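# Close look at the chain arrangement
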Amino acid sequence: MPEFRFGPPAWLPWLGPVLAAVVGALIGEYGLGGGFWTVLAAALVCGFAPILGYRIWKWRHHRRG
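What you see is a predicted model; the values in this text were computed from it and never measured. (Residues numbered from 1 in each chain as written. Predicted model: local features only at pLDDT ≥ 70, side-chain atom pairs only at ≥ 80, totals over all residues. Heavy atoms only, no water.)

So, on to the overall build of the protein chain. The helix and strand inventory of the protein chain stands at two helices and zero strands. By residue count, 18% of the 65 residues in the protein chain fall in the buried class. In the protein chain, the share of contacts with a sequence separation of at least 24, taken over all contacts with a separation of at least 6, comes to 71%. (Helix = DSSP H or I, 4+ residues; strand = E, 2+ residues; numbered from the N terminus. Buried < 20%, exposed > 50% of the residue type's maximum accessible area, 1.4 Å probe, protein only. Contact = heavy atoms within 4.5 Å.)

Here is the structure:
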């Protein structure tokens, strides 16, 4: 696995709301044929993914010392 020597970008958590809106709109328009709950679930998962990724990246970066 490659070693990353730099920390996570500071803008990564701010990508969450934008990603949630885009994914929610795309799934609502083109995918899955679901209703409100399908779109909401997809938007929540995709909205929190960059935040969670940032926290894990930051935790692993600080853990290495």
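From this point on, the discussion continues.
Here we come to helix H1 (residues 15-29). Here H1 contains 15 residues, and its C-alpha end-to-end distance of 21 Å stays within 8% of the 21 Å for a straight helix at 1.5 Å per residue. Of all the residues in H1, the buried ones are Gly16, Ala20, Val23, Gly24 and Ile27. Buried residues of H1, seen end-on, are gathered within an arc of 100° and therefore sit on one face of the element. (Expected span 1.5 Å × (residues − 1). Arc of directions from axis to C-beta.)

Further remarks concern the packing of aromatic side chains. Under the definition given, this model contains one aromatic pair. Considering the side-chain rings of Phe36 and Trp37, the 4.9 Å spacing of their centres and the 75° angle between planes classify their relative orientation as edge-to-face. Comparing Phe36 with Trp37, the two get one shared label, exposed. (Phe/Tyr/Trp six-rings, centres within 6.5 Å; stacked < 30°, edge-to-face > 60°.)

The next thing to look at is a nonpolar patch on the surface. Together, Trp11, Leu15, Val18, Leu19, Val22, Leu26 and Tyr30 give the surface a local cluster of nonpolar side chains, amounting to about 710 Å² of exposed area. Tracing the backbone through its elements, the reader meets Trp11 in the segment before H1. (Patch = residues over 30% accessible without salt bridge, like charges linked within 9 Å, V, L, I, M, F, W, Y side chains within 5 Å. Areas by Shrake-Rupley, 256 points an atom, 1.4 Å probe, with all protein chains shown as cover. Salt bridge = Lys/Arg side-chain N within 4 Å of Asp/Glu carboxyl O.)

Take the environment of Leu12 next. Residue placement: Leu12 occurs in the segment before H1. With 37 residues separating them along the chain, Leu12 and Ala49 place their C-alpha atoms 9.9 Å apart. Residue contacts for Leu12: discarding those within four places in its chain leaves Pro50, Tyr54 and Trp57.

To continue, consider the environment of Ala43. One can find Ala43 in helix H2 (residues 36-64). Look at Ala43 and you get buried, because its relative accessible area is 16%. For the pair Ala43 and Ile27, spaced 16 residues apart in the sequence, the C-alpha separation amounts to 8.9 Å. With residues near it in sequence (within four places) discarded, Ala43 still touches Ala20 and Gly24.

Here Val39 lies in helix H2. Sequence-distant contacts of Val39, defined by excluding residues within four places in its chain, comprise Gly24, Ile27 and Gly28.

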